[in-house]
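Structural overview
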Amino acid sequence: AELAWILNSVTPIGWLGRMHQYKEKSAKQREKVSTGLFNYPVLMAADILLYHANFVPVGEDQKQHIEITRDIATRFNHLFGETFTVPEAMIREVGARIMGLDDPTKKMSKSEPGSYHALNLLDPPDVIRRKIGRAVTDSSLAGVRFDPERPGIYNLLVIYELLSGLPPAEIEMRYRGKGYAEFKRDLAEMVVESLRPLQERYYALADDLAYVESILRDGADRARPIAERTLVEVQQKVGVG
């Protein structure tokens, strides 16, 4: 929060006004959009720059946030001397943006309304099967094929490709002449089995909160000295240290 306040002083309002998330939400509720939403990219930049990250793993939709982080770091370095590492976005070639099950033209998001929009990591198996079974596809007779022009089935196929590790051609061959129902059943089981180890580990940790708290403390103990050194250097360079 301290670094974000300093970075606010070198971040032009025009940069923040061009951020997609702010533009989309402010268009819907102009008078209700908070300063926090407008200013959030600077806080995100501070969280990255504080620890001198070289690479930041993000989805394709977060690429703009890394770009503004790079711009802020570069501008600060230009004004006050070399200080921050300028990070790069690390974006997957496949599955960088997973779309909603009920509307494959919108990014899958936990904040979107509708119980059949997103797959949650802790969804029970029957819920996962029901959501995927109701996922939007199309009425095309072209079958189960990777076609970006058919966003519903394409989105499901991308999820299948990510979880199976199979190339698109092999997946298409596997479902040649078969319908959406069989493909969806197979995909649902694949999602269930892929999430099973994560869910088992989650519930095991939930029963041992003391261990979880010890991990958090250990992480904080290792991260805090890096953050403190960076903040002190920044304060000295801008003249408030």
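Let me sum up the structure you'll find in this document. Worth saying up front: this structure is predicted, and the values here are computed from it rather than measured.

Cut-off values and rules
Along each chain, residue indices are assigned from 1 in the same order as the chain's sequence is written. At least 70 in pLDDT is required for a residue's local features to be given in this predicted model, at least 80 for side-chain atom pairs to be given and counted, and no such filter applies to totals for whole chains, interfaces and linings, which use all residues. Values reported for side chains reflect all heavy atoms of the structure, with hydrogen atoms and water molecules removed beforehand. The way it works is a 1 Å grid over only the protein atoms, where trapped points that fit a 1.4 Å probe form a cavity and open points with protein on both sides within 12 Å along at least five of seven lines form a pocket, and then any residue with an atom within 4 Å of a point lines it. Grid points are joined across faces, edges and corners, and a volume is the space filled by probe spheres set on the points. Secondary structure elements follow DSSP: runs of H or I no shorter than four residues count as helices, runs of E no shorter than two count as strands, and numbering proceeds from the N terminus. Residue polarity is assigned by list, with Asp, Glu, Lys and Arg as charged and Ala, Val, Leu, Ile, Met, Phe, Trp, Tyr, Cys and Pro as nonpolar; anything else, Gly included, falls into the polar class. Each patch is built from salt-bridge-free residues with over 30% relative accessible area, joining like charges within 9 Å and nonpolar side chains (Val, Leu, Ile, Met, Phe, Trp, Tyr) within 5 Å. In short, Shrake-Rupley with a 1.4 Å probe defines the accessible areas, and a residue's cover is counted only from the protein chains shown. Any carboxyl oxygen of Asp or Glu that lies within 4 Å of a side-chain nitrogen of Lys or Arg is treated as forming a salt bridge with it. With a 1.4 Å probe rolled over the protein chains alone, any residue whose accessible area is under 20% of its type maximum counts as buried; one over 50% counts as exposed, and the rest are partly exposed. In this description, contact between two residues means that some pair of their heavy atoms is separated by no more than 4.5 Å.

**Comments concerning the layout of surface pockets**
Rolled over the atoms, a probe sized like a water molecule indicates the empty space that remains. A volume near 1,600 Å³ is recorded for the largest pocket. The wall of the largest pocket is formed by 44 residues, among which Asp-61, Ile-98, Lys-107, Met-108 and Ser-109 lie closest to the centre. Counting residues per element, the lining of the largest pocket draws most heavily on helix α3 (residues 20-28), which supplies five residues. Of the residues in the lining of the largest pocket, the class split is 18 nonpolar, 13 polar and 13 charged. In this structure, the second largest pocket occupies an estimated 160 Å³ of space. Along its surface, the second largest pocket is lined by Ala-1, Glu-2, Leu-3, Ala-4, Leu-43, Ala-46, Asp-47, Leu-50, Ala-227 and Leu-231. Split by residue class, the lining of the second largest pocket holds eight nonpolar, no polar and two charged.

**Quick word on a nonpolar patch on the surface**
Where nonpolar side chains cluster on the molecular surface, the patch consists of Leu-121, Leu-122, Leu-198, Tyr-202 and Tyr-203 and spans about 470 Å² of accessible area. Take Tyr-203: it is sitting in helix α9 (residues 180-206). On the basis of relative accessible area, Tyr-203 is assigned to the partly exposed category, the value being 44%.

**Some words on the side chain of Thr-69**
For Thr-69, the position within the fold is in helix α5 (residues 63-80). For Thr-69, a relative accessible area of 0% translates into the label buried. Look past the residues within four positions of Thr-69 in its chain and what remains in contact with it is Ala-45, Ile-48, Leu-49 and Pro-87.

**A word on the side chain of Arg-150**
With respect to the helices and strands, the residue Arg-150 is situated in the loop between α6 (125-133) and α7 (151-164). Aside from chain neighbours lying at most four places away, what touches Arg-150 is Asp-138, Ser-140, Ala-142, Gly-143, Arg-145 and Tyr-180.

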